[in-house]
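This is what each chain is made of:
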There are 2 protein chains.
Amino acid sequence: MDVEEFRKRGKEMVDYVADYLENIRERRPFPTVTPGYLRELIPDSAPEDPESWDDIFADIERVIMPGVTHWDSPQFHSFFPTANSYPAIIADILSDGIGNIGFTWASSPACTELEVVVLDWLGKMLDLPPAFLFSSGGKGGGVIQGTASEATLVTLLSARTQFLHKHNKSGDGHHDDGAVMSKLVAYCSAQAHSSVERAGLIGAVTMKKLETDEKGALRGTTLQQAIEKDRAAGLIPFYLCATLGTTLSCAFDNVLECGPVCEKEGIWMHIDAAYAGSAFICPEFRPLLNGVKYAMSFNFNPHKWMKVNFDCSALWVQDSSLISDAFNVDPLYLKHENQGKMPDYRHWQIPLGRRFRSLKLWFVIRAYGLKGLQEYIRKDVQLAHDFEKLVVADDRFEIFGEVVMGLVCFRLKGPNDVNEKLLKAVNDDGRINIVPSSVKGTYFLRLAICGSKTNNNDINFAWKVISEVTSKLLQENACK
Amino acid sequence: MDVEEFRKRGKEMVDYVADYLENIRERRPFPTVTPGYLRELIPDSAPEDPESWDDIFADIERVIMPGVTHWDSPQFHSFFPTANSYPAIIADILSDGIGNIGFTWASSPACTELEVVVLDWLGKMLDLPPAFLFSSGGKGGGVIQGTASEATLVTLLSARTQFLHKHNKSGDGHHDDGAVMSKLVAYCSAQAHSSVERAGLIGAVTMKKLETDEKGALRGTTLQQAIEKDRAAGLIPFYLCATLGTTLSCAFDNVLECGPVCEKEGIWMHIDAAYAGSAFICPEFRPLLNGVKYAMSFNFNPHKWMKVNFDCSALWVQDSSLISDAFNVDPLYLKHENQGKMPDYRHWQIPLGRRFRSLKLWFVIRAYGLKGLQEYIRKDVQLAHDFEKLVVADDRFEIFGEVVMGLVCFRLKGPNDVNEKLLKAVNDDGRINIVPSSVKGTYFLRLAICGSKTNNNDINFAWKVISEVTSKLLQENACK
């Protein structure tokens, strides 16, 4: 493909994406294909000779689209949103064009430096304590990770290294660490994301899930008791992953209680606010982040709810030396004259290579402004409350938990099995798509506001579908 | 930004990227900025109100470009190449537009299924043994990772879990694993990439660097002796990361020797061919991969040398259950009706979320065809040999090692310090950019063919610069 064809075909793709996103309501949010559908549609080996772009382009609708789950559809209400916005897509074109690999400052200074400044911007938008910002002049600062899973893992591993150093002065994974490793205990709430449990598996430390209160919150006394019990058993508590806005039900751990416990006990508190974090740019939601000053690290995903396309997970730490020291290996070919003056982000993450992701964060923040992003959050929370009202007004249903952000957890009054049937019937109907969840044995349905253009009509439509399917289901059950 | 502005501004960015890449020779490959340059150029906090796109766009040349290291410049010869091609950029526009998160089959079937088929295509292009392919109907298959670092880590952790299971039937990181963990030993060559050492640190296992022969290859006897010595000391050898095409000097471990040792000793052999792997699509280079049948896992980066923009690191395994079992956590909200029929790739990687990266691999393979990609590899290898001839013809210089791929290692005859001065002088001159390396105490310069449009004139230009700078340097030294 020469440059003139790129100009032509690149612009065609811009139009294709524009048409796709503007007309996304015409597509069923969840596809009807069965496993293996795609292998039948394309050859089983690569072409020897180049194919024409017309053939490649035509296969998007023929091969790909029939199997796509349309995450930006206003009828898609599963999981949590993944952000999609035009300024972010344009920024990614630029990032791809530049195509630098930003593992050290020298590997592309702009890539590191824009990230440093824009993570400070974002930290200020969240009103993070200055200790988390580069501009404070201390050891704190922010970095873009790929996912919240990686942020949790990076901080858990850093805490692990800190404790290995503390307990046997090695910390480099050599075999004298085995005895300490086997005593390390990390905590999270019983509602924490699966990636937290997985970080424990990868880090080869015990991860204990602690019970939550009736609102789904991990409380300070629960944590304190667990620590005391484990200390008494000769174990070494070292890390807490607190969650603000769980995936299961958007519950909030009580960091104002857990934070002081961690501080007193010398434990690393990490806060995972993957979904809800974006809302903290609004003053009315910011109190939910109170207690962040006790955290060694804080993470949320602008790629979920702040109009920045995946991947862009923002992590801040109070002491970056604890992150970078954990994995620092320093070969000659990566050394450069300016080491130490700016962060070499390769030390802050699991992979070595990194794309120029701060561009999309920068473009999005500037294109919408803080006010535009706040409006977007408020719109989604309002839509969730609108849906909540529809549920509450129907006495067949009940709300599970509390609607705080853009997620509504709800269920048919009564046993789990009828709700399981409802979930299946709604998704089989296919006009909308949702996923279930379960907390302390109670099964319920989750409706998340996902699509970037979701409006009140879409919410009414979702309720219409659920209501119709429910009526049919209850009628069928009654006839049995 | 509304859709009409996106159409306009997206197309402008396509043109900007086209102009940037076509005229990249006009830019100094390595920037002249000093650390902290960017903070002076933009505000220290985010704007309250939206900014105009004209202002945002203008800042690309004002703020970003002065600090960019131009990896696609034909005058950039540092590290290894990072791929950049027009079809891949267009595929990324589509991937961003679709914006799905492909953690399970159900989260977007097309995202998983295209990856399954295209990794089979690519495996066949490399003539991998059928056991590595999904189409063989066994447990093998391929997956796209972000980086080779992650591929190494994933395979090391999987091998670790396998050995923990074998030795104490737990393997879930609980404290009874400590005793086994502390005995596990992994190996790599002394020339292995820093990310291999780092994988050992993260996995909290001992990583031993083994000596190489005069060609930089890890040999079977060296490995065999290390295993026997460690076994005698009560340790548990479990993993070898062999490298084909090291970053230090593009050396090749002898996998035909090491493979049978690993097979006999029951050790997981992983092959990291991050850079050189792309060349194995050419029959004349494929013999370098002989012995891959002994490997449990094999990885290379199409994002380095196969025209697929970062990130796209291809990993194949012979037994995917060993990968997916290592980190399998399975919450209700991620369950779906079709589990087990197709891979849920979230079990194959460190992060949970994943972009639709197989699109760019698919577009690139089809747009160039196997023949076009082979031509591209051959062109770069020829350019390296052209440069080698220039070095050899100048009796001030010597080649270090052997030129096999698109990397030439060379040095001024004589002590290291004059080569260190030469490296600095070449980069201070600024017309080209290179990085140094060192093997067994010998310091040398590396010239990698990086830019996608590098041609023979560029190679002659690079040599002209080096030759001029050398003459000046030697003259200055003589005058002292």
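Residues numbered from 1 in each chain as written. Chains lettered and ligands numbered in written order. Predicted model: local features only at pLDDT ≥ 70, side-chain atom pairs only at ≥ 80, totals over all residues. Heavy atoms only, no water.

### Considerations on the UniProt feature "modified residue: N6-(pyridoxal phosphate)lysine" (unreviewed entry) in chain A
All names here are of chain A. Mapped onto this numbering, the UniProt entry gives "modified residue: N6-(pyridoxal phosphate)lysine" (unreviewed entry) at Lys304. Turning to its location among the elements, Lys304 is positioned in helix 10 (residues 302-305). If near-sequence neighbours (up to four positions away) are discounted, Lys304 is found in contact with Phe80, Pro81, Thr82, Ala83, Ala274 and Tyr275. (UniProt positions renumbered as here; feature names shortened; annotations may be inferred. Helix = DSSP H or I, 4+ residues; strand = E, 2+ residues; numbered from the N terminus. Contact = heavy atoms within 4.5 Å.)

### Let's talk about the relation of the copies chain B and chain A
Least-squares fitting of chain B to chain A yields an RMSD of 0.0 Å, with the superposition described by an axial translation of 0.0 Å and a rotation of 180°. With respect to symmetry, the two chain copies, as superposed, fit the operation of a two-fold axis. Taken together, the interface assignments show that 100% of the residues at the interface of chain B recur at the interface of chain A, consistent with an identical surface on both copies. (Least-squares fit on C-alpha atoms with pLDDT ≥ 70 in both.)

### Digging into the interface of chain B and chain A
Reports of interface size often rely on the accessible area that becomes lost once the parts have come together. Taken together, the contacts link 148 residues of chain B with 148 residues of chain A. Roughly 13,100 Å² of surface becomes buried between chain B and chain A when both sides are summed, with 68% attributable to carbon and sulfur atoms. Ranking the residues of chain B by area buried against chain A places Arg198, Tyr333 and Arg366 of chain B at the top, with a combined share of 7%. Our count for the chain B to chain A interface comes out at 16 salt bridges. Salt-bridge contacts for Asp59 of chain B lead to Arg366 of chain A; the nearest nitrogen and oxygen are separated by 2.8 Å. Where chain B touches chain A, the interface holds 58 residue pairs in polar contact (both at pLDDT 80 or more). (Buried area = accessible area lost by both parts, 1.4 Å probe. Salt bridge = Lys/Arg side-chain N within 4 Å of Asp/Glu carboxyl O. Polar contact = N/O pair within 3.5 Å; in protein donor to acceptor, adjacent residues only side chain to side chain.)

### Quick notes on the packing of aromatic side chains
Residues and elements named next belong to chain B. One pass over the structure, following the stated rule, counts 46 aromatic pairs over all chains. Seen from their ring centres, Phe134 and Trp348 are 5.9 Å apart, and the 40° between their planes marks the pair as tilted. Of the two residues, Phe134 sits in the loop between helix 4 (109-125) and strand 1 (141-145) while Trp348 sits in the loop between helix 11 (320-324) and helix 12 (358-392), which places them 214 residues apart along the sequence. Since its relative accessible area comes to 5%, Trp348 is described here as buried. Directly above the ring of Trp362 sits Arg366, whose terminal nitrogen or CZ lies 4.8 Å from the centroid. A cation over an aromatic ring shows up here: Arg446 above the ring of Phe80, its NZ or CZ 4.9 Å from the ring centre. (Phe/Tyr/Trp six-rings, centres within 6.5 Å; stacked < 30°, edge-to-face > 60°. Buried < 20%, exposed > 50% of the residue type's maximum accessible area, 1.4 Å probe, protein only. Lys NZ or Arg CZ within 6 Å of the ring centre and 35° of its normal.)

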